Amino acid sequence: MTNGFLIDMDGVIYRGSELIPGADRFLNQLLEQEIPFLFLTNNSQRTCRDVAKKLDRMGIPVDERHIFTCAMATARFLADQKPNGTAYVIGEGGLLQALHLNGYAVVDHDPDYVVVGEGRAFNFEMLETAVRLINNGAKLVATNLDPNCPTPSGSRPGCGATVALLEAATGRKAFSVGKPSPIMMRSARKELGLSAGETTMIGDTMETDILGGVQMGYRTILVLSGSTSRADLVNFAYRPDQVVESIADLCDATLARSLSVV
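Described below are features of the structure shown in this document. (Residues numbered from 1 in each chain as written. Predicted model: local features only at pLDDT ≥ 70, side-chain atom pairs only at ≥ 80, totals over all residues. Heavy atoms only, no water.)

What to know about empty space enclosed by the protein
Overall, the coordinates contain one cavity of 30 Å³ or more when judged by the stated rule. Space inside the largest cavity adds up to approximately 40 Å³. Residues that form the lining of the largest cavity fall into these classes: four nonpolar, three polar and three charged. (1 Å grid on protein atoms, 1.4 Å probe; cavity = no way out; pocket = protein on both sides within 12 Å on 5 of 7 lines; lining within 4 Å. Points joined across faces, edges and corners; volume = space filled by probe spheres on them. Nonpolar A, V, L, I, M, F, W, Y, C, P; charged D, E, K, R; others polar.)

This is the structure:
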């Protein structure tokens, strides 16, 4: 029985534009051993093709089928809830494309949903429009609730910060689809065709990657190359199954094989 991996990217595979040492070797081992895996990201800005191209330029030769974004999870969820629906979108290309591919029309009048993703290309007028539409009955959906996003110069407000503003302005709570939501975690696992017991989540964030994996019954591996330090672990009631300094510690072929076979 072969296990598969769900792998976070920022803080696990790269930091900013820099590849984390050993990430390329680990991924090459998975490819060589034909171990199924998906990169799981809460960033809805880029399309799968864009993400795959970024990884390829870093020396990780993967294609679009290895990418699973919160935009994809959100669009599939909405298409299941209300096929051929409409949405007012605060977000960028990755989210817009995912919605279109799943039969949704993007509108600015009487939408079924107001959908919020990552992005910098919005203004206060768009927020005002979103508030009006939500007050008129549109349901508020978030691709994720991450309050901030890492950048080479620090952090910037994330999707969760924008959503918090809309929640405060309307008194409505958003429904979030991205990590650690079981909707995204389950959808990604099904994409690989695996059971919960065959799935391992590798991530650097306790509140999203590890929590999502724990709640779904996946094996979890925390890497300390991103946003979480070993000292932070005492602050959480749940723990990962394994803690490593970086993904380089998983590069040993014997270890990779032991994780992939039950």
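Focus on the nonpolar core
Counting 57 residues, the largest nonpolar core has Ile7, Ile13, Phe26, Leu27, Phe39, Leu55 and Ile202 as the members making the most contacts within it. With seven residues, the single largest contributor to this core is helix H3 (residues 70-81). Ranked by size, the runner-up nonpolar core spans 17 residues in total, among them Tyr88, Val131, Leu166 and Ala174. (Core = buried A, V, L, I, M, F, W, Y, C linked by side-chain atoms within 4.5 Å. Buried < 20%, exposed > 50% of the residue type's maximum accessible area, 1.4 Å probe, protein only. Helix = DSSP H or I, 4+ residues; strand = E, 2+ residues; numbered from the N terminus.)

What to know about the sheet that holds strand E14 (residues 219-223)
The six strands are arranged E5-E4-E1-E13-E14-E15 in an open sheet whose pairing can be described as parallel. Each edge of the open sheet is held by one strand with a lone partner, namely strand E5 (67-69) and strand E15 (242-244). Each adjacent strand pair in this sheet contributes to an overall mean axis angle of 25 degrees, direction not counted. Note: strand E13 (residues 199-203) against E14, four bridges, orientation parallel. (Pairing = 2+ DSSP bridges. Axes fitted to C-alpha atoms, helices over the stretch in contact; angles between N-to-C directions.)

A short note on the sheet that holds strand E8 (residues 113-116)
Read from one edge to the other, the open sheet built from five strands follows the order E7-E6-E8-E9-E12, with strand pairing classed as parallel. The sheet is open, and its two edges are formed by strand E7 (105-106) and strand E12 (175-176), each paired on a single side. Pairing of strand E6 (residues 86-90) with E7, which is carried by two bridges, proceeds in the parallel orientation. Each bridged residue has a counterpart across the sheet, and for Thr86 the counterpart in E7 is Ala105. Running at roughly 170 degrees to E8, H3 makes contact with E8, strand E9 (139-142) and E12 of the sheet. (Contact = heavy atoms within 4.5 Å.)

Description of the pairing of strand E4 (residues 37-41)
When you tally the buried positions in E4, you get five out of five residues, the bulk of the element. Of the two faces of E4, the one lined by Phe37, Phe39 and Thr41 and the one lined by Leu38 and Leu40 are each fully buried. By the bridge criterion, three bridges tie strand E1 (residues 4-7) to E4 in an arrangement that is parallel. Along E4, the bridge assignment pairs Leu6 with Leu38. Pairing of E4 with E5, which is carried by three bridges, proceeds in the parallel orientation. Directly across from Leu40, in E5, lies its bridge partner Phe68. Regarding the hand of the β-α-β motif, the stretch spanning E4, helix H2 (residues 48-57) and E5 is right-handed. (Right-handed = clockwise from strand over helix to strand, strands pointing away.)

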